[in-house]
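# Report on the structure
In case you want the letters, here they are:
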Amino acid sequence: MRVYATVAWLGLRKQATYALATIAGAFTNTVFGFVRAAVLIALWQARPGLAGYDVGDAITFCFLSQAMIAPVRTLSGGIPELAERIRTGDVAIDLSRPAGLQAWWFALDLGQAGHGTLFRSLPPLAAGALVFGLNTPADLATGVLFAVSIALATLTSFGVRYLVALGTFWLMDDRGLVNISTLAAMFCSGMLLPLNIFPGTLGEVVRLLPWAATVQVPIDVYLGTTGGVAGALAFQAFWAVALLLAGRLLTGVAERRVVVQGG
Amino acid sequence: MGPVHAYLRLAGVWCRALLQYPVSLAMLTLAQTVGAALDVAAILIVFAHTTRIAGFTEPEVLFLYGTAATAFALADTLVGSLERIGAHIRSGWLDVMLTRPVSPLVQVAVDRFSPRRLGKLAPALAALLIGAAGLDVAWTPGLVAFTVLFVVSGTVIASSIWVVGAAFQFIAVDAAQASNAFTYGGKELTSYPMAIYPRDLVRFTTFVVPLAFVNWQPALYVLDRPDPLGLPEWLRHASPAVALATAAVAALCWRAGLRRYRSTGS
Amino acid sequence: MLIETTGIIETTGLTRVFTRRRRRVPAVADLTFTIEPGEFVGLLGPNGAGKSTTIKMLIGILRPSSGRVRVAGLEPSRQRTRLARHIGVVFGQRTTLWWDLPLRDSLALVRHLYGLDARAHARRLAELTGLLELEPFLRTPVRQLSLGQRMRGDLAAALLHEPPLLILDEPTIGLDVISKATVRGVLESLNTERGTTVLLTTHDLGDVERLCRRVLVIDHGRLGYDGDLDGLRGDDTMEAAVTRLFSTRPAHGEAPARDGQGPAL
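This section reports on the structure supplied with the text. (Residues numbered from 1 in each chain as written. Chains lettered and ligands numbered in written order. Predicted model: local features only at pLDDT ≥ 70, side-chain atom pairs only at ≥ 80, totals over all residues. Heavy atoms only, no water.)

### Comments concerning the packing of helix 2 (residues 22-47) of chain B against helix 3 (residues 58-79) of chain B
Residue and element names in this part refer to chain B.
- In contact at an axis separation of 10 Å, helix 2 and helix 3 are set at 160° when each is read in the N-to-C sense. Taken as axis vectors, helix 2 and helix 3 run roughly antiparallel relative to one another. Both helix 2 and helix 3 take part in a crossing whose hand is right-handed. The segment helix 2 lies against helix 3, with A36, D39, V40, I43, L44 and F47 engaging E58, V61, L62 and Y65. (Axes fitted to C-alpha atoms, helices over the stretch in contact; angles between N-to-C directions. Helix = DSSP H or I, 4+ residues; strand = E, 2+ residues; numbered from the N terminus. Parallel < 35°, antiparallel > 145°, perpendicular 65-115°, else oblique. Left-handed = near helix turned anticlockwise from the far one by under 90°. Contact = heavy atoms within 4.5 Å.)

### Focus on the side chain of A:T214
Residues and elements named next belong to chain A.
- With respect to the helices and strands, the residue T214 is situated in the loop between helix 10 (200-206) and helix 11 (216-223).
- Judged by its relative accessible area of 5%, T214 falls in the buried class.
- Of note is the side chain of T214, whose polar atom sits 2.6 Å from the backbone oxygen of W211.
- Contacts of T214, omitting those with residues within four sequence positions, involve M68, V72, A153, T156, S157 and S189. (Buried < 20%, exposed > 50% of the residue type's maximum accessible area, 1.4 Å probe, protein only. Polar contact = N/O pair within 3.5 Å; in protein donor to acceptor, adjacent residues only side chain to side chain.)

### Things to note about the sheet that holds strand 1 (residues 9-20) of chain C
All names here are of chain C.
- One open sheet holds the 3 strands; their spatial order is 2-1-4, and the pairing between them is antiparallel. Across the chains shown, the open sheet's two edge strands, defined by having one partner strand only, are strand 2 (23-35) and strand 4 (66-71). If you compare each strand with its neighbour and ignore which way they point, the axes differ by 30° on average.
- Packed on one face of the sheet, helix 1 (residues 51-58) meets strand 1, strand 2 and strand 4 and runs near 120° to strand 1. (Pairing = 2+ DSSP bridges.)

### Examining the interface of chain A and chain B
- Counting residues at the interface gives 30 residues for chain A, matched by 32 residues for chain B.
- On the surface where chain A and chain B come into contact, there are 0 salt bridges.
- At the boundary of chain A and chain B, one finds 4 residue pairs in polar contact (both at pLDDT 80 or more).
- The set of elements that each furnish at least two residues to the side of chain A that touches chain B consists of helix 2 (19-46) and helix 9 (175-187) of chain A. (Salt bridge = Lys/Arg side-chain N within 4 Å of Asp/Glu carboxyl O.)

### Considerations on the interface of chain C and chain B
- Taken together, the contact between chain C and chain B spans 38 residues of the former and 28 residues of the latter.
- Summed over both partners, the interface of chain C with chain B buries about 3,000 Å², with 56% contributed by carbon and sulfur atoms.
- It is C:R80, C:H112 and C:L113 in chain C that bury the most area against chain B; as a group they hold 23% of the surface buried on that side.
- On the surface where chain C and chain B come into contact, there are 2 salt bridges.
- Between C:D100 and B:R112 there is a salt bridge, with the nearest N and O atoms lying 2.5 Å from each other.
- Applying the counting criterion to the chain C and chain B interface returns 10 residue pairs in polar contact (both at pLDDT 80 or more).
- Counting only elements with at least two residues in the side of chain C that touches chain B, the list comes to strand 1, helix 2 (80-84), strand 5 (87-91) and helix 3 (103-113) of chain C.
- For the side of chain C that touches chain B, the leading source of residues is helix 3 of chain C, giving 7 residues.
- Tallied by class, the residues present in the side of chain C that touches chain B amount to 20 nonpolar, 8 polar and 10 charged. (Buried area = accessible area lost by both parts, 1.4 Å probe. Nonpolar A, V, L, I, M, F, W, Y, C, P; charged D, E, K, R; others polar.)

### Some points on a nonpolar patch on the surface
- Residues B:W139, B:V144, B:V148, B:V152 and B:V156 make up a contiguous nonpolar surface patch of about 370 Å² in total accessible area.
- Along the chain, B:V156 falls in helix 8 (residues 141-171). (Patch = residues over 30% accessible without salt bridge, like charges linked within 9 Å, V, L, I, M, F, W, Y side chains within 5 Å. Areas by Shrake-Rupley, 256 points an atom, 1.4 Å probe, with all protein chains shown as cover.)

Written as structure tokens, this is what we have:
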């Protein structure tokens, strides 16, 4: 376990070397937060109570989802550094370590996410709270459940992105796959618009996909607008476990491939 | 060799190089197209629940989105590579460019030129045409020309913002993301009627960063609507002049940035 | 001032001061020398001596703090674009080619940058392909080239527009023995057969002994020696001579701006 903690710390430190980039990122996240909020406010002013949200819920949704870009990596379709190491064959070094490839990269990802949460998520959230006064969780239990839900969202997002990165083993050019994954993460997670206003069959489908577990579900847990919190967390846990298991199996296949072909 | 000529020649070499991997180029272009199509889908989803937002109808919003997205897609294709200048400064590649007889602005802007960014154009133009057709407007040749002219002006304004963002990186090498707030953020902002934003933000985008002239002000003329802020009507015809002024400011910023780079050596 | 100038490079009192943490650190101080057309000159000095800063001022990337510099009769910092047509520049530490593109496409980009017409380009490219033995890897992406192949590609890119002056910053750094020999052979034949003036910086004494008829030694930003090899060598071996020269120079300032650290190279 110590080794993963160290890796996570390294990931955090690595991000910390780009202070100016971090400030610029926080600024950009904040600007996008306000632009997106304006659209949602206009819609909910036209349709108060749409999808069970009031205007305050919609604004909170917007800034929370904006803040989740860093911890949950909602705008990232893959793991660029891992894909690069697979492309160059350096992954053979990673595979020769006594640490598991999946856990290693999750730790690194988590460390970078931790830094991003502190410095890129809290500023837009604070700005949103100052200007609009965001909703707070109904009680302490909701807050705790939200934290659990964010953790599951992070695992789910990593699960998808890890599979995409492993795709580099089989694809000459993985950019197409990463692009599809990024667009899906944008559209099907709730980052573009809350999933509960997606109409008809489209709405029913996107709410079942793994991306729903990364943004929409945690925010519903926060706002208290799920059908049932237990069901929501179980939905997330299902996707997290399924994706991480798939990643583990695929790592084994890739490992044999590296051994056989020498990278 | 003039800068435009140089730009076209260099862009041509990049296109030929990319065409050696046609599948890859097609995939990347398609991804850009789908990405823009999802923006349009978001507008359609919003209007599945209401007939107006902030008083604007679906065709009106599609028209606003279409004009903004077209201008920003063209600007992104032409000069979007400028946002990587910070990386060029760090790697020393900018020094290499400075040893060549073509303006470094042209060289950075055309670096890795890829027609894939034009992939955004199809959904943008589709939204523009569908929106325009749905408007309660008599499309005289004069009005069509007015619209084309303001989209071109919008492209110049958007490109100028990219240039200013690049010039800023001469001072702050790692701050590429800050200019994203104005480039991609600007596209996001102009995709919807300005009437949905706080008044101070609209004043800011009218008088400081002139995003309102990319589409909002001239579109008010096309849509024949009063300005929610009550700003004078002649502003609706000011886009070409604002575009020229913005381009001039961008040129000055770029010169100042490059001068600083060459006199401090950092 | 009507001064008859013959040198292809002339500097008078060339000085460059950097401000680092509010302290003024001289990187190059009072450099005066002239290089005549057709010369082959080595610019030597330890890391941080001011070699790269000098080269940057010669090619117009960096403005001098004071002093005068003329290259090919032009003032580099004011007439950088015009000067670019008269000089070829190679940075040994980094490529001037495009990483993802095949070498041939990179050279096509360079052709358009200099606005060379297609016929002249084809002739010149064929000539350089023979001279630098580029044929086996013209279609290979630059990132897949070995260091030696890449350097030959970089040389081709710097020579496409047939510059009368070639400026190279550590062109043989990291190359294996065979690649070094090829690069040296090409530089030598350019100089002797074409009359191309060559100025290079290097840490490799083999380059100096094989190629340079004249050496300039810079230490702590000042010109320590200007003359032929034998004069520098005296009765010592080359290594001993250089060591002696550097160790006897009085330290000047405590923190000289280091090449690569001063100006972000």
